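This is what each chain is made of:
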Amino acid sequence: MELISCLQPNLWASLADEVPAWVNEKRNKTSVERTLRWLDACIALDAASGRNSLGVVVGGSSIEQRKLCATEVSKRNVSGFWIGGFGLGESVEERCSLLNAVTDCLPLEKPRIVSRLGLPEEVLEGVASGIDLFDSTYIYQLTMGGFALIFPIDMVEREMQNGVFDSSAGDSAKINLRATTYRKDMSRIVDGCTCFTCQNHTRAYLNHLINVHEMLAQILLEIHNTHHYLRFFRSIREAIKAGEFDIFWKQFVENRRSQIAAAAM
Amino acid sequence: MALRFEVLGRFNRARAARLTLPHFTCQTPLFMPVGTQGSTIKGLTTDQLETIGCQIILGNTYHLELRPGSQLIDDLGGLHKFMNWKRALLTDSGGFQMVSLLHLADITEEGVTFQSPVDGKPMLLTPEESINIQNNIGADIIMALDDVVKTTITGPRIEEAMYRTLRWIDRCIAAHKKPDVQNLFGIVQGGLDPVLRDICVRGLVERNLPGYAIGGLAGGEDKDSFWRVVAQCTAGLPEDKPRYVMGVGYPLDIVVCSALGADMYDCVYPTRTARFGSALVPEGVLKLKQNAMATDERPIDPSCPCMVCKNYTRAYLHCLVTKDPMGSQLLSYHNLSFMARLSRDLHMSILEGRFPEFVRGFLRVQFPKGDVPKWVHNAMEVAGIDISECCTPTNCQHDAMEAAGVDISEFCPPTRCP
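Scoring rules and cut-offs
Residues numbered from 1 in each chain as written. Chains lettered and ligands numbered in written order. Predicted model: local features only at pLDDT ≥ 70, side-chain atom pairs only at ≥ 80, totals over all residues. Heavy atoms only, no water. Pairing = 2+ DSSP bridges. Helix = DSSP H or I, 4+ residues; strand = E, 2+ residues; numbered from the N terminus. Axes fitted to C-alpha atoms, helices over the stretch in contact; angles between N-to-C directions. Domains from an automatic or database assignment. Contact = heavy atoms within 4.5 Å. Buried area = accessible area lost by both parts, 1.4 Å probe. Salt bridge = Lys/Arg side-chain N within 4 Å of Asp/Glu carboxyl O. Polar contact = N/O pair within 3.5 Å; in protein donor to acceptor, adjacent residues only side chain to side chain. Nonpolar A, V, L, I, M, F, W, Y, C, P; charged D, E, K, R; others polar. Buried < 20%, exposed > 50% of the residue type's maximum accessible area, 1.4 Å probe, protein only. Parallel < 35°, antiparallel > 145°, perpendicular 65-115°, else oblique. Left-handed = near helix turned anticlockwise from the far one by under 90°. Core = buried A, V, L, I, M, F, W, Y, C linked by side-chain atoms within 4.5 Å.

Attention now moves to the sheet that holds strand β5 (residues 56-59) of chain B. Residues and elements named next belong to chain B. Spatially, the 8 strands line up as an open sheet ordered β4-β14-β13-β12-β11-β10-β6-β5, and their pairing is parallel. Only two strands of the sheet have a single neighbouring strand rather than two, namely β4 (30-33) and β5. Within the sheet, the average angular offset between the axes of one strand and its neighbour, ignoring direction, is 25°.

Before going further, it helps to examine the domain arrangement of chain A. Residues and elements named next belong to chain A. When cut into domains, chain A gives domain 1 (1-135) and domain 2 (146-264). On a C-alpha basis, the centres of domain 1 and domain 2 stand 31 Å from each other. Tallying the contact residues gives 9 residues for domain 1 and 11 residues for domain 2. On the domain 1 side of the contact with domain 2, P120, E121 and L124 bury the most area, a combined 56% of that side's loss. Joining domain 1 to domain 2, the criterion identifies 1 salt bridge. Along the contact surface separating domain 1 from domain 2 lie 2 residue pairs in polar contact (both at pLDDT 80 or more). For the side of domain 1 that touches domain 2, the residue count by class is 6 nonpolar, 1 polar and 2 charged.

All names here are of chain B. Relative to the elements of secondary structure, T20 occurs in strand β2 (residues 14-20). Classification of T20 as buried rests on a relative accessible area of 18%. Residue contacts for T20: discarding those within four places in its chain leaves A2, L3, R4, E6 and T25.

Glancing now at the packing of helix α9 (residues 203-211) of chain A against helix α10 (residues 215-241) of chain A. Residues and elements named next belong to chain A. Between α9 and α10, the least distance of the axes is 7 Å, while the angle of their chain directions is 135°. Compared by their axis directions, α9 and α10 come out oblique. Both α9 and α10 take part in a crossing whose hand is left-handed. Contacts from Y205, L206, L209 and I210 in α9 reach L216, A217, L220 and L221 in α10. Grouping the constituent residues of the contact of α9 with α10 by class yields 8 nonpolar, no polar and no charged.

All names here are of chain A. Spatial ordering of the open sheet is given by β1-β2-β3-β4-β5, a layout of 5 strands whose pairing is parallel. The open sheet terminates on both sides in strands that have one partner only, identified here as β1 (12-13) and β5 (133-135). Here strand β4 (residues 112-115) runs beside β5; their pairing, made up of 3 bridges, is parallel. What sits directly across from V114, in β5, is F134. Sitting on the sheet, helix α3 (residues 63-75) touches β2 (53-57) and β3 (80-83), and the angle it makes with β2 is about 160°.

This part takes up the nonpolar core. Within the largest apolar cluster, 130 residues are counted, with the highest numbers of intra-cluster contacts made by L363, M380 and I387 of chain B. In terms of residue count, helix α14 (residues 325-351) of chain B provides more of this core than any other element does, 10 residues in total. Counting residues in hydrophobic clusters, the runner-up holds 40 residues, among them V56, V73, A173 and F245 of chain A.

Once that is clear, we can look at the interface of chain B and chain A. The partner chain A presents 17 residues to the 23 residues of chain B that form the contact. Each partner contributes to the roughly 1900 Å² buried at the junction of chain B and chain A, and carbon and sulfur atoms together form 64% of this total. If you sort the residues of chain B by the area they bury against chain A, R67, L76 and F82 of chain B come out on top, with a joint share of 26%. On the surface where chain B and chain A come into contact, there are 1 salt bridge. Within the residue set of the side of chain B that touches chain A, elements represented by two or more residues are α1 (46-52), α3 (70-75), α4 (79-83) and α14 of chain B. Its residues assigned to classes, the side of chain B that touches chain A shows 8 nonpolar, 10 polar and 5 charged.

Below, the structure is given as structure tokens:
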């Protein structure tokens, strides 16, 4: 809490004992009890008595523990919830039911953040379960690997109107600009993308920068990837506001599946 | 010839000029930052370089030919298009890099022979090949392949190199396929020998090139020899063409050379020193890694209008430079801003008839104790600029003794008056 008071963040998460999905029952139970004790201790030491805090919800892969923890944390004077323990090796099916179990027990009017869920599909699942904020290293790892996001966002929006999927216009979610196939590719990462990188540079130039290990490569890629990813989130918000999130989600997943299938053929 | 050079103002030998190149109209004196491998400058975008005020940037021919290859660059429309830089570019010949980077580089009449860094095969960079590569890259200014020797070397090698440079310039001229859009500059060699330098200057001037560079300096020679070679060459080169001192350098050196009549400079110093955590300031250098910086809430330079000084404290930069490549990116940004402002100050002060005042102001800030090095004194005398008020005269009896005909050199350190 001393660190927190020095840094003066707008929001802070309480110290928690986050465990992965595969720990045994006893360890899991301990993590819940400890996390709650630590939450109370943090709030007690907080000058603002928890006004800017995010209570951490743990509970591993036990629906019961998750519900218990969520309910208990809700009783504290927190301004939001950090749902921990995901992205650590649980299966996709497990995660959905666990997330739902947690959010079912949380008040509607306070924000929920989940950590380590970064893939577009994971984000959509999280949103479906009632998550509001996501943090992950997804963009960073893409950039460091030389990948650029290209999954169609607008196309999906168009598809919502047409209901027809055109596989020839589609492409995979990302491209690896390190590949020699891009050496002379004078096109933009994403045609029509309004980010600085796409407005000013070509795939060929990025390919060159990556291959000569220039820092500018990461700078430009990070700009594009962040821009693209944030556009994705904006589309999600718009779909929800239009009452069409379910369609958006379904279209997106089907789109991805067809692309993967097409690529495999 | 694909440039226009118009002198707009003078002070004795110093000149402020407009240099019109195919891609950009520049103001001289100017400093050219050196691009690294991708011809980028340590993480800075072309956008940022424009904002900073860079007018010409240097591309390394050797690196670009290695990756991605000059042919590819040409296929894709030239380096300007490839990296999206709208202003001017200058490429070096590739020779210097080879000699300094490659262990087994050797120079013969044919060209520079070296071992390919890719597969170890013996390779040869001829004047023709160097010009061909530079034609592909498409820079506004291209440099002749010269036989460059370190100024710390003595003996017949220097003479050999100078004459070879003259023979090679003819081969470069013959090989140059785009004289209407690319300007081939010749490079004056000759070591520290005034006779050789003179022969080389005459030889190059005879060829009537668009511009001339003074090469073979900035390699460890003593400062007194350095400025004398620059002074001699600028005196011998034509008035109406740009003069480029290669590898310079420190702000002080640039001010002195400008006073002596040079127009263009390039050096890795500002960006390299940024990578080591040093920022250029009017007083000299600020080392951000020092412990004292950890709690210093001032910007690098309160008088600097650049984005870094407007947004970041020394404390924050101290944190970055010891841990994160972004530290060197921000310092490079500041250092290049500093150099661009220096260029602008030189141009404007000459143009507006206040060059001596500018020089005096510059020296006063760099040497607040008045300990201006002797070589600067000597150079400024030749440049016709009175800097006596910047220097503490008291302890140094040298000049007085000299005037009286008494030799007290054995009591004095060789290059500086204390």
